[in-house]
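Residue-level structural notes
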Amino acid sequence: MTYQINIGGEVFSCGENVDLLKAAKSQQVKIPYGCANGGCGMCKVKIKEGEYKIGLCSKGALSDEERQQGYVLACKTYPLSHLIGELVEY
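A short tour of the structure in this document, coming up.

What counts, and where the lines are drawn
Residues numbered from 1 in each chain as written. Predicted model: local features only at pLDDT ≥ 70, side-chain atom pairs only at ≥ 80, totals over all residues. Heavy atoms only, no water. Helix = DSSP H or I, 4+ residues; strand = E, 2+ residues; numbered from the N terminus. Polar contact = N/O pair within 3.5 Å; in protein donor to acceptor, adjacent residues only side chain to side chain. Phe/Tyr/Trp six-rings, centres within 6.5 Å; stacked < 30°, edge-to-face > 60°. Lys NZ or Arg CZ within 6 Å of the ring centre and 35° of its normal. Disulfide = S-S within 2.5 Å. Buried < 20%, exposed > 50% of the residue type's maximum accessible area, 1.4 Å probe, protein only. Core = buried A, V, L, I, M, F, W, Y, C linked by side-chain atoms within 4.5 Å. Contact = heavy atoms within 4.5 Å. Salt bridge = Lys/Arg side-chain N within 4 Å of Asp/Glu carboxyl O.

Some points on the side chain of lysine 44
- Along the polypeptide, lysine 44 turns up in strand 3 (residues 44-49).
- In this structure the side chain of lysine 44 is engaged in a polar contact, spanning 2.7 Å, whose partner is the side chain of glutamate 66.

This is how it looks when you write it as structure tokens:
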């Protein structure tokens, strides 16, 4: 299944077994990132609508409290539906 992902007004498609960062990069959508492995937190996104699953990532990069508030790391997030989100500005 392929889903439409809208992050900060940039729309791209993403399969359910592909992380958001990889899908965005393959379609020339820019999401800031550093390690692309769940350790740095640079690719943090706030999901406003939709269902997703999150892979393993550092609690220093994404705390339990942030997870409960809808924050994810694009490099470790896989869509289960269409998603709408926004980039976290640093």
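On we go.
Let's talk about the packing of aromatic side chains
- All chains considered together, the criterion is met by zero aromatic pairs.
- Across from the ring centre of tyrosine 78, 5.9 Å away, lies the NZ or CZ of lysine 53, which sits over that ring.

Some thoughts on the state of the cysteines
- Tallied over the full model, the rule gives zero disulfides.
- Of all cysteine sulfurs, the one in cysteine 40 lies closest to cysteine 35, which takes part in no disulfide; the gap is 3.9 Å.
- Cysteine cysteine 75 remains unbridged, with the sulfur of cysteine 43 as its closest cysteine sulfur at 3.7 Å.
- For cysteine 75, a relative accessible area of 5% gives the class buried.

Focus on the nonpolar core
- Counting 22 residues, the largest nonpolar core has Ile5, Ile7, Phe12, Leu20, Ile31, Leu73 and Ala74 as its most contacted members.
- Put simply, the parts of the chain that give this core at least two residues each are strand 1 (2-7), strand 2 (10-15), helix 1 (20-26), strand 3 and strand 5 (71-73).
- Top element by residues in this core is helix 1. It accounts for four residues.
- If near-sequence neighbours (up to four positions away) are discounted, isoleucine 31 is found in contact with Ile7, Leu21, Ala24, Cys43, Ala74 and Leu87.

Description of the pattern of salt bridges
- If you walk through the whole model with that rule in mind, you get three salt bridges.
- We note a salt bridge from glutamate 66 to lysine 44, for which the minimum N-O separation is 2.7 Å. With glutamate 66 in helix 2 (residues 64-68) and lysine 44 in strand 3, the pair connects residues that are 22 residues apart, well separated along the chain.
- With a relative accessible area of 21%, glutamate 66 lands in the partly exposed category.
- Between lysine 59 and aspartate 64 there is a salt bridge, with its nearest N and O atoms 2.7 Å apart.

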